[in-house]
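# Descriptive structure summary
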Amino acid sequence: SSPPKAVVDLPGKWKYAGKGYSVRVRSDLVRRYRIGKHKDKFRVVLDLRGRKPRTPIITETSDGLLLLLKK
């Protein structure tokens, strides 16, 4: 769909007390990101710039998760 999106679903029960929200960012690759907690997962959606869909690379670090989009 338009704009292209990268969607990351993190299955399981997550502790997050806030509501879902959307944040615009200054980036060559991402217009904004949205997060939301669902019954069985936590979802992160990146609205991408351009027409080319990109696949996120997710790596677990000692601080949490690192999400990388390559140009």
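Numbering of residues begins from 1 in every chain and follows the order in which that chain's sequence is written. With pLDDT at 70 or above as the cut-off, local features in this predicted model cover only qualifying residues; side-chain atom pairs require 80 or more to be listed or tallied, and sums for whole chains, interfaces and linings still use all residues. Just so you know, side-chain values use all the structure's heavy atoms and leave hydrogens and water out.

Glancing now at the overall build of the protein. Only DSSP runs of H or I covering at least 4 residues are called helices, and only runs of E covering at least 2 are called strands; the numbering of each starts at the N terminus. A count of helical and extended segments in the protein gives zero helices and six strands. Counted from the first residue to the last, the protein has its helices and strands arranged as β-β-β-β-β-β. With the principal axes as the frame, the protein shows a C-alpha extent of 35 × 25 × 20 Å. Between buried and exposed lies partly exposed: a residue is buried under 20% and exposed over 50% of the maximum accessible area for its type, with that area taken using a 1.4 Å probe on protein chains only. Across the 71 residues in the protein, those meeting the buried criterion constitute 24%. Working rule for contacts: check all heavy atoms of both residues, and any pair within 4.5 Å makes them a contact. Nonlocal contacts in the protein, meaning residues at least 24 apart in sequence, comprise 44% of its contacts between residues at least 6 apart. As displayed, the protein offers around 5700 Å² of accessible surface, 52% of which is attributable to carbon and sulfur atoms. Only four residue types enter the charge count: Lys and Arg as positive, Asp and Glu as negative, with His and the chain ends excluded. In this description, the location of a charge corresponds to atom NZ of lysine, CZ of arginine, CG of aspartate or CD of glutamate. Taking the average location of the 19 positive side-chain charges in the protein and that of its 6 negative ones, the two points are 8 Å from each other. Note on areas: Shrake-Rupley with a 1.4 Å probe; residue coverage comes only from the protein chains shown.

Attention shifts here to the packing of aromatic side chains. Where two aromatic rings form a pair, the distance of their centres and the angle of their planes describe that pair. Centres within 6.5 Å are what make two rings of Phe, Tyr or Trp a pair, Trp counting through its six-membered ring; a difference in plane orientation under 30 degrees is then read as stacked, over 60 as edge-to-face, and the rest as tilted. In the structure shown here, the tally under the stated rule is one aromatic pair. Ring geometry for Tyr21 against Tyr33: centres 6.3 Å apart, planes inclined by 70 degrees, an arrangement best described as edge-to-face. Note that Tyr21 is positioned in strand E2 (residues 21-24) and Tyr33 in strand E3 (residues 30-37), a separation of twelve residues in sequence. The exposure class of Tyr21 is partly exposed, given its relative accessible area of 37%. The class of Tyr33 is partly exposed, set by a relative accessible area of 26%.

Neighbouring strands of a sheet are bound in pairs by backbone hydrogen bonds; such pairs are parallel or else antiparallel. Only when DSSP finds a minimum of two bridges between them are two strands counted as paired. Ordered by their spatial adjacency, four strands build an open sheet running E1-E4-E3-E2, and the pairing between neighbours is antiparallel. Edge strands, defined here as strands with exactly one partner in the open sheet, are strand E1 (5-11) and E2. The mean inter-strand angle of the sheet, taken between neighbouring strand axes irrespective of direction, is 15 degrees. Where E3 lies against strand E4 (residues 41-48), seven bridges are found, and the strand directions are antiparallel. Across the sheet, residue Val30 finds its bridge partner in E4, namely Leu48. Angles shown run from 0 to 180 degrees and are taken between the N-to-C directions of axes, each axis being a line fitted to C-alpha atoms and, for helices, limited to the stretch in contact.

For the rest of this paragraph, the subject is the pattern of salt bridges. Pairs can form between side chains of opposite charge whenever their charged atoms are close. Any carboxyl oxygen of Asp or Glu within 4 Å of a side-chain nitrogen of Lys or Arg constitutes a salt bridge here. According to the stated counting rule, one finds three salt bridges in the structure shown. Between Asp9 and Arg43 there is a salt bridge, and its shortest N-O distance comes to 2.6 Å. Residue Asp9 is found in strand E1, and its partner Arg43 is found in strand E4; the two are separated by 34 residues along the sequence. Given the relative accessible area of 35%, Asp9 is considered partly exposed. The salt bridge involving Asp47 is made with Arg32; its shortest N-O contact spans 2.5 Å. With Asp47 in strand E4 and Arg32 in strand E3, this residue pair connects regions lying 15 residues apart in the sequence. Given the relative accessible area of 3%, Asp47 is considered buried.

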